[in-house]
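Residues per chain, in single letters:
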Amino acid sequence: MKLNLSKIDNMEFEGIDFADYPDFVDAFLSAADYNGKEMTDEQIDYVNDTYYEFVNEQVFKSLY
């Protein structure tokens with residue numbers, strides 16, 4: 001599966017633990033849109049598993 005990360009928006013995250021700042025290792029993408037359509041569970045799992053750094057950066061951006 002290939003996804004263009006720049007087409008992912010309206011991201012929602014779960015598992016954010018401020019005691020784990022700044023790593024937020026338990027945080028994960030729980031919902032998002034891809035190219036204007038709601039992402040499937042399979043796509044979200046793929047992003048969480050394959051693009052950890054992207055997810056981590058987006059969590060950080062969403063908080064600050």
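What you see is a predicted model, and the numbers here were worked out from it, not measured in a lab. (Residues numbered from 1 in each chain as written. Predicted model: local features only at pLDDT ≥ 70, side-chain atom pairs only at ≥ 80, totals over all residues. Heavy atoms only, no water.)

(A) Examining unusual backbone geometry more closely. The backbone of Asn10 sits at a positive phi, close to 50°, despite the residue not being glycine. Looking at the element boundaries, Asn10 is found in strand β1 (residues 8–14). By relative accessible area, Asn10 is classed as exposed at 53%. (Helix = DSSP H or I, 4+ residues; strand = E, 2+ residues; numbered from the N terminus. Buried < 20%, exposed > 50% of the residue type's maximum accessible area, 1.4 Å probe, protein only.)

(B) Molecular detail of the side chain of Asn48. Here Asn48 is to be found in helix α1 (residues 41–50). Apart from the residues within four sequence positions on either side, Asn48 is in contact with Phe28, Leu29 and Val55. (Contact = heavy atoms within 4.5 Å.)

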